[in-house]
Amino acid sequence: MINEKESQHLEGLLDYLKAVPFDITRHELYNAGELYDGFVCGDETTFADCYDQRVYKHYIGEGKQARRVEESLARTLHDHGMHTALNAFFDEHSPNRCIGIMGGHALLRTDKMFGEIVMLSKRLTEEGFFMLSGGGPGAMEATHLGAWLAGRSEADALDALSILATAPSFRDAGWLSTALRVIEKYPQHQYVSLGIPTWLYGHEPTTAFATHIAKFFENSIREDSILTLAYGGIIYTPGSAGTMQEIFQDAVQNHYLSFGFSSPMIFLGKEFWTEKMPVYPLLEQLMATGMYKNLLLSITDDADAVVKELLRFGATLDKDIAPPQTM
């Protein structure tokens, strides 16, 4: 039995859990309409009042590392619901067909690489894969835009890029409105893509093009989920510190065969990955000396080579591999 003081504490805890601006009992993935509920397309002043930003303000106000036990519990319950929802998603979508694309959040929509990622993601989606990213702007948005445009013509894709080009950076007014205009002009209900963003980087808006969104408070859990779920392989496009972290975290999983096999690590952009950020020669050296094992490394500037490698690997995957359990 609990005493009166403990009972009062529990009542206070329940009151706190009811008052937070997010649903601690949610067990479904988000979509962009839910995260941006309250935003009026074309009226940038409404962005601050949408659901996603209300939660972010609360998150910052309570501290990135929660200062109160009540807040820590609320976030944990929410993130547990996201894990449950991810498991349900992978009950319906084979992890063997899941391809991750990693890269810089600051990549401009007008950058050549942004367009290349869009076209590559579009093609992979049309080949029967579904795309996964960290769910934010830059290379992540390009990933989901490509998946959204799957089945459409190259002319449609170029038109969508021209609409987005009026707000090249996620810091520009109109970034979200232009995305919503593309969605309105080119609606689709056939293809899925999965974004896994975090409120830790809540200043980076979540892409509107991901059809399914698992947004977490705990970034460490979110990062592990991204790299775990991409059974079909990961494409690394130019990025900075965050992308480097993902590369070596992925390499560890593959080295230890944490899930029974290793998946391709494909580096897109030879000059970047061998000269500007020469991580690829380092990985090759570590493989040659035996410090790392089981890494399926490749590097290219050719989208055709990427698709060919992922199709080849996909054909070798055991169809009976169980869906990944995120909890």
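In short, a report on the structure. (Residues numbered from 1 in each chain as written. Predicted model: local features only at pLDDT ≥ 70, side-chain atom pairs only at ≥ 80, totals over all residues. Heavy atoms only, no water.)

What follows is about the state of the cysteines. The full count for this structure, using the stated rule, is zero disulfides. Cys41 supplies the cysteine sulfur nearest to Cys50, a cysteine that is in no disulfide, at a spacing of 13 Å. (Disulfide = S-S within 2.5 Å.)

A few words on the sheet that holds strand S2 (residues 130-133). Taken in spatial order, the seven strands line up as S4-S3-S2-S1-S5-S6-S7 in an open sheet, and their pairing is parallel. The open sheet has two free edges, formed respectively by strand S4 (212-213) and strand S7 (296-300), since each of these has just one partner strand. One ladder, built from five bridges, connects strand S6 (residues 264-268) with S7; its direction is parallel. Counted as the bridge partner of Phe267 is Ile299 from S7. (Pairing = 2+ DSSP bridges. Helix = DSSP H or I, 4+ residues; strand = E, 2+ residues; numbered from the N terminus.)

The side chains of a regular strand alternate between both faces of the sheet. In terms of burial, strand S1 (residues 98-102) is a largely internal element, five of the five residues being buried. With burial as the criterion, each face of S1 is covered, one bearing Cys98, Gly100 and Met102 and the other bearing Ile99 and Ile101. Examined bridge by bridge, S1 and S2 share three bridges and lie parallel to one another. Note that in S2 the partner of Ile99 across the bridge is Met131. The parallel pair S1 and S2 is bridged by helix H5 (residues 112-126), and the resulting crossover is right-handed. (Buried < 20%, exposed > 50% of the residue type's maximum accessible area, 1.4 Å probe, protein only. Right-handed = clockwise from strand over helix to strand, strands pointing away.)

Function cannot be inferred from these measures alone, as they are strictly geometric.
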